[in-house]
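# Architecture at a glance
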2 protein chains.
Amino acid sequence: MGVLCIDVKGYILRPSSGFFMDYSGVYPSSSKLYVRGSLYSDISVGMRKVAIKNGTSEFLVYDTGGPYTDREAKLDIGSGIQKLRKAWIANRRDTSSVRRSFVPSESSCTRYQKAADNVLRKTAGGSPVTQLFYAQNGIITPEMEYVAIRENALRMQGDSSGTGVTHQAITPEFVRQEIAAGRAIIPSNVNHPESEPMVIGRNFLVKINANIGNSAVLSGIEEEVKKMALAVAYGADTVMDLSTGSDIHNIREWIIRNSPVPIGTVPIYQALNKVKGVVENLSFEVFKETIIEQAEQGVDYFTIHAGVLKDYIKYARNRVTGIVSRGGAIMAQWCLSHNKENFLYTHFDEICEIMGSYDVAFSLGDGLRPGSIDDANDEAQFLELKTLGELVKIAWSHSCQVMVEGPGHVPMHLIKENMEKQLHLCSEAPFYTLGPLTTDIAPGYDHITSAIGAAMIGWYGTAMLCYVTPKEHLGLPNIDDVKAGVISYKIAAHAADLAKGNPSAYARDYALSQARFDFRWYDQFNLSLDPLTAKSLHDESLPGKGGKTANFCSMCGPKFCSMKLSKELVDR
Amino acid sequence: MGVLCIDVKGYILRPSSGFFMDYSGVYPSSSKLYVRGSLYSDISVGMRKVAIKNGTSEFLVYDTGGPYTDREAKLDIGSGIQKLRKAWIANRRDTSSVRRSFVPSESSCTRYQKAADNVLRKTAGGSPVTQLFYAQNGIITPEMEYVAIRENALRMQGDSSGTGVTHQAITPEFVRQEIAAGRAIIPSNVNHPESEPMVIGRNFLVKINANIGNSAVLSGIEEEVKKMALAVAYGADTVMDLSTGSDIHNIREWIIRNSPVPIGTVPIYQALNKVKGVVENLSFEVFKETIIEQAEQGVDYFTIHAGVLKDYIKYARNRVTGIVSRGGAIMAQWCLSHNKENFLYTHFDEICEIMGSYDVAFSLGDGLRPGSIDDANDEAQFLELKTLGELVKIAWSHSCQVMVEGPGHVPMHLIKENMEKQLHLCSEAPFYTLGPLTTDIAPGYDHITSAIGAAMIGWYGTAMLCYVTPKEHLGLPNIDDVKAGVISYKIAAHAADLAKGNPSAYARDYALSQARFDFRWYDQFNLSLDPLTAKSLHDESLPGKGGKTANFCSMCGPKFCSMKLSKELVDR
């Protein structure tokens, strides 16, 4: 397929021809700032700097966009983005270069294969090469300092001073401690050096994940790479490639080589494809081959449904919506057709050894999560959670990084129990939930039904929120759905950060509200999650320069603007 | 302007020419069912009946749409809708017909004026004609039986039997008790006989309000009537006409004569228009004239900012966003410019007498509500709330129905305190909140930032949620914004009903999820809040009949559909 020429309709692109993809236009008045490390001089953390007050001041924002939000970056999708972590990984001298053990015959990614020369990294000796292993041994890695700087983005400026929220900087040593305790992870496969380190843990900013990926019915490589770039530009902290259709290996290669955020997958999907969709023909051997293939490519975390035990399946039989996790349903069917225990469970130690050899993190899948309000918090769900808690300890004994997945569909009053049980049963390993959706009755709007639950569970302590798009239950999300999902979840995560008292979060609300009260319209737009949308809605009624300097808007008009009246009071 | 010819682009209309407005097309497979009263034989409560399982079963839904969701209704916007309550009001024999004391010269509503012959109703003697007065005197009115039947819509069917949620019917006597205790209100101006009674109180279904109305910058009569009809078709329980622009009296007349839901206003807006926008020239006399004019027209509840006391204003001075309530800012400016106490406070008893003469309910405005996260739950806000609590008791002493307005912008962890303080300070009078918005940083998406807070505060006990549209902070909502706001708030209210354990709410989630698991696609769409949107999103990838009978969708495709796999397990 050669080189992709990306043109993303509906989003401002830098005028360019050919091989560049650039979303920096979605943030007018923003530019990229790179902050150097102190422990490691070759660390350079990208942040987004929003110019405000006619350029006399600025505001720093945590930026997941990598090169896609950098006006200066030259980006060739056909060759992949900068390999930020390459030297850090090599310098640790605990990995060696080996040839890929799995080169799929159907591959069309000739450019990547040539560039990489089929070389990859893997543990050189017996010890795992995970961030957890380093942390347990008292080592602060460049990845740890990187995320410490990143999390401090807003603390570094004085803008939250008026909020009364105490500043307390995140130190690299604090990061190390959280990783060592298993309370946080930095997904960072040694074969995904393009990834900018980020941390998932409840003592850090709440993160969000965007799911992309094709299905047998829809979508191809170009569309999926676009979705990834758009998602990270708007703030996705990780991206999961859930492709289940054709060309899975190649789609993943294009995505990983161009992704500045960690990539997650559910390997059982590709394993099932390898046995042509016949669940009975799955085996641990096929699964093992698949996770090695994906670990070599650079996937940063795997969802593994090892907690769907044979004996638990009966508890899902009387549910309204049975088993709604794809991986869960696959493993349940396998267990019953062979009358055997889940092979992901019985081979868990072996899986841990593979994960540790590349530093692929576990995301322990909740195969029995509830798919409807009526099924929430039932026996099937919590029995599995208990098993996931046992698997967390096994993963840790192999020094593997691990997080635990959670539901699903849960009415508001039952959300907190999910978080409390997870903290207790899973020894405080990070929780990573899908929503939860707080009602079943709004297909077409499940980004909203679930943003409600996501915000709440984020406040209660969930470390990462997996987005839900308007297309949930109805079809494969397109690029507009991806954007709607990402923005909805940035809102949920930010609302959770505020409720948790994070000073970075307060600083941004404070700065935006000041701009609002001062009628600095452009500052209000530019400090928001989606400046172009905010501006275009304002343009609908008061387009042009006049509207942007007016001390009112069309909602109330000049005589009825409360802010205008209120400012006059203050100025008395 | 004569007769309006409404054609609403983007929504399915019954093929008709001329004078009819019909939103029944937005609910395919639905028809209207009318349930008769038992205490009062002339009660006929409209509900929406969704045909499911190929027409072999049906599901009843609470319906706010009035004639707009009735395929059979003949509707002439130029003459107004059916006067449902006319006989009930007359039969009470406590009102008499009088001529309008206020006929604005600029009126163009010739048809209505002819039809009404400028006759209106008003208390005949000294006693108030309020639902509270009747309830206090042990009388169950037709309005009370009507809302009891309405609230029972879903309890009347067996569909929630599988949910384990206990059925307990709402009786007319229970409604009377709640009204008598002041815990609930039925806004029902004797001059708005077109209104279908609905109840606002925390022991009933959570309600939502949609704001419409023009500003000096935008919009006219036709647009506003469209917004009202669309809002009620999608589920708005009340509508506030917040017009501040030209032709306020006439816009309101068209809206009231065609509205099947209670209409609220903020009379100070029109009062300010009468003094040409010069706040200093406001007086109680102008205000009094205005509320009489609006009470005569049929407005069902007034937002009155009587709690913005002169001494409280200083507490708002150091806020990030000062005073963000339009009414609050107006009254604050008046107090300071005259150095006098708020005339709405000093004349509160007189206002009560007027309200009681027509049964206009109070919605005590929170003029000092926070307009940014940083200002939430501050002294200004809670001082005013305490005063509102005192005013509640005065209103009750006049047998006036009253609810209390709440914020605003509040981070999640501070939401509960708002509800608790309101219950305590305001003697359990119903709470009616605007959102709250859980972050300031997403202009363009404030229907979502606020749906999060609205769902939570609804769960905690708020009786009615005032919607926020995507246009909030940016401009006057258009008809698409109105729809987005209404759907978002139906989600929030429903999520709150679920969290409160309301069996009606559970029944719908249960029925929809059963349809989902059975791959009854059309049933899933038709049981949802917005069937046309759900179907159109599904159509994007699997259009036509084939996609609607498939046991999978494009999200996962046939091999990876968890529900399909899961059903196979159940069927083993």
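Residues numbered from 1 in each chain as written. Chains lettered and ligands numbered in written order. Predicted model: local features only at pLDDT ≥ 70, side-chain atom pairs only at ≥ 80, totals over all residues. Heavy atoms only, no water.

### Some thoughts on the sheet that holds strand β2 (residues 44–52) of chain B
Residue and element names in this part refer to chain B. Overall, antiparallel pairing links the three strands, which are arranged β1-β2-β3 in an open sheet. This sheet does not close on itself; its edge strands, each paired only once, are β1 (30–36) and β3 (57–62). Across the sheet, the mean angle from the axis of one strand to that of its neighbour is 40°, orientation sign disregarded. Contacting β1, β2 and β3, helix α4 (residues 142–151) crosses the sheet at an angle of about 10° to β2. (Pairing = 2+ DSSP bridges. Helix = DSSP H or I, 4+ residues; strand = E, 2+ residues; numbered from the N terminus. Axes fitted to C-alpha atoms, helices over the stretch in contact; angles between N-to-C directions. Contact = heavy atoms within 4.5 Å.)

### Quick word on the relation of the copies chain A and chain B
Superposing chain A onto chain B takes a rotation of 180° combined with a translation of 0.0 Å along the rotation axis, leaving an RMSD of 0.0 Å. Seen this way, the second copy is the image of the first under a two-fold rotation axis. Across chain A, the smallest distance between a C-alpha and the rotation axis is recorded for Ile452 of chain A, namely 2.3 Å. (Least-squares fit on C-alpha atoms with pLDDT ≥ 70 in both.)

### Observations concerning the domain arrangement of chain A
Residue and element names in this part refer to chain A. As far as domains go, chain A holds domain 1 (1–501) and domain 2 (504–571). Listed by partner, the interface residues are 31 residues for domain 1 and 17 residues for domain 2. Of the roughly 2100 Å² buried between domain 1 and domain 2 on both sides combined, carbon and sulfur atoms contribute 69%. If you look at where domain 1 meets domain 2, you find five residue pairs in polar contact (both at pLDDT 80 or more). Taken together, the elements giving at least two residues each to the side of domain 1 that touches domain 2 come down to β2 (44–52), β3 (57–62) and α16 (479–499). At seven residues, α16 tops the list of elements feeding residues into the side of domain 1 that touches domain 2. Grouping the constituent residues of the side of domain 1 that touches domain 2 by class yields 16 nonpolar, seven polar and eight charged. (Domains from an automatic or database assignment. Buried area = accessible area lost by both parts, 1.4 Å probe. Polar contact = N/O pair within 3.5 Å; in protein donor to acceptor, adjacent residues only side chain to side chain. Nonpolar A, V, L, I, M, F, W, Y, C, P; charged D, E, K, R; others polar.)

### Structural notes on the sheet that holds β3 of chain A
Residues and elements named next belong to chain A. Strand order in the open sheet made by the three strands is β1-β2-β3, with antiparallel pairing throughout. A single partner strand is all that each edge strand has here, and the edge strands are β1 (30–36) and β3. Along the sheet, successive strands turn relative to each other by an average axial angle of 40°, direction set aside. With six bridges connecting them, β2 and β3 associate as antiparallel partners. When the sheet's bridge partners are listed, Arg48 is paired in β3 with Val61. Seen against the sheet, helix α4 (residues 142–151) touches β1, β2 and β3 and runs at an angle of roughly 10° to β2.

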